[in-house]
There are 2 protein chains.
Amino acid sequence: MGVAVDIDARRCQIVRTLDIVGEKWSLLIVRNAVRGQTRFSEFRDSLGVPSDILTARLGTLVAAGILEKRSYREPGSRERSSYHLTESGLALKLVLAAMVQWSDEFNPTVYGPASILADPETHEKVELAFVPMGDPHSDEVAILPGPGSLATW
Amino acid sequence: MGVAVDIDARRCQIVRTLDIVGEKWSLLIVRNAVRGQTRFSEFRDSLGVPSDILTARLGTLVAAGILEKRSYREPGSRERSSYHLTESGLALKLVLAAMVQWSDEFNPTVYGPASILADPETHEKVELAFVPMGDPHSDEVAILPGPGSLATW
């Protein structure tokens, strides 16, 4: 976060998370990866992010272990890179889900939710709650298209 | 988020949340407000954020209903403004808590956590989990200084 004089800054988990995903576009790249996108052109075209910025953001996310870079080659084309969420990257669904839930309550649209938090197996709606540490609980979630979505994923 | 061509963008809850708190410093201002800070000078000095940027971010957060602006006057001083979390702003603890929890699992430090998620009444540790929608659950959390914290709040 730049010139923080807060001596506690690099220990704070919020700062540490923002260091990785706090720049513009980063969380939306993760969102689109959660939706199944893997290719540079998919991220660029769906987000409208300039190529040089996308390159930089993907580099940061790979360096931080959020995305894993792999190679693929389509017939007749040169080798290209694809980007796949690691376990750490997939776990950022927790942060995305928190934003979805906060927006649903405090900043909703008339169209209904674009994304719905659901049990990955049953697709029943779920929500984030605070439970006693160590209690058995689910940290699994699927983020599915809702009634307000114009996109499919 | 600027020039998004994603037609779904302004419906997406993640985009809608980032529109409000996605700029640099915004979530750290909210974090510090959660810790009890209310004054411009407190935010500026603890974060090291330039005054003009802090003014802009506070304005955005007030306009979005995250912070409420009030006036106060200390003896011998001119009237100044203080900034107080609204219900909507306090609820952003959900997003902060998600970042704390993700960092604890995937990006910890050797110093231990700077912040701990706890039950507001008992101070027992809690964690975020996905529970069935509509089930009784707690959405209350206190974010307390942990062993890795160099700050107090």
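Provided above is the structure to which this section pertains.
A. Layout of the interface of chain B and chain A. Taken together, the contact pairs 74 residues of chain B with 74 residues of chain A. Between chain B and chain A, a total of about 6900 Å² is buried, with carbon and sulfur atoms accounting for 66% of that surface. Put simply, chain B and chain A have zero salt bridges between them. On the surface where chain B and chain A come into contact, there are 23 residue pairs in polar contact (both at pLDDT 80 or more). Elements represented by at least two residues in the side of chain B that touches chain A include exactly α1 (13-21), α2 (26-34), α3 (40-47), α5 (87-91), α6 (93-106) and β4 (126-132) of chain B.

B. Quick look at the relation of the copies chain B and chain A. Of the transformation placing chain B onto chain A, the axial shift is 0.0 Å and the rotation is 180°, giving an RMSD of 0.0 Å. What the superposition gives is, in effect, a two-fold axis relating one chain to the other. No C-alpha of chain B lies nearer the rotation axis than that of Ala129 of chain B, which sits 2.7 Å from it. By residue overlap, the copies meet face to face through one surface: 100% of the interface positions of chain B are interface positions in chain A.

C. Spatial organisation of the environment of Ser138 of chain A. Residue placement: Ser138 of chain A occurs in the loop between β4 (126-132) and β5 (142-145). Looking at Ser138 of chain A, the relative accessible area reads 27%, which means it is partly exposed. Along the sequence, Ser138 of chain A and Leu128 of chain A sit ten residues apart, while their C-alpha atoms lie 9.8 Å from each other. Aside from chain neighbours lying at most four places away, what touches Ser138 of chain A is Ala129 and Phe130 of chain B. At a separation of 3.1 Å, a polar atom in the side chain of Ser138 of chain A contacts the main-chain amide nitrogen of Glu140 of chain A.

D. Seen up close, a negative patch on the surface. A surface patch of like charges, here negative, comprises Glu87, Glu121, Asp139 and Glu140 of chain A together with Asp104 and Glu105 of chain B. Topologically, Glu87 of chain A is positioned in helix α5 (residues 87-91).

Quick notes on the rules
- Residues numbered from 1 in each chain as written.
- Chains lettered and ligands numbered in written order.
- Predicted model: local features only at pLDDT ≥ 70, side-chain atom pairs only at ≥ 80, totals over all residues.
- Heavy atoms only, no water.
- Contact = heavy atoms within 4.5 Å.
- Buried area = accessible area lost by both parts, 1.4 Å probe.
- Salt bridge = Lys/Arg side-chain N within 4 Å of Asp/Glu carboxyl O.
- Polar contact = N/O pair within 3.5 Å; in protein donor to acceptor, adjacent residues only side chain to side chain.
- Helix = DSSP H or I, 4+ residues; strand = E, 2+ residues; numbered from the N terminus.
- Least-squares fit on C-alpha atoms with pLDDT ≥ 70 in both.
- Buried < 20%, exposed > 50% of the residue type's maximum accessible area, 1.4 Å probe, protein only.
- Patch = residues over 30% accessible without salt bridge, like charges linked within 9 Å, V, L, I, M, F, W, Y side chains within 5 Å.
- Areas by Shrake-Rupley, 256 points an atom, 1.4 Å probe, with all protein chains shown as cover.
- Lys, Arg positive; Asp, Glu negative; His and termini not counted.
- Charge placed at Lys NZ, Arg CZ, Asp CG, Glu CD.

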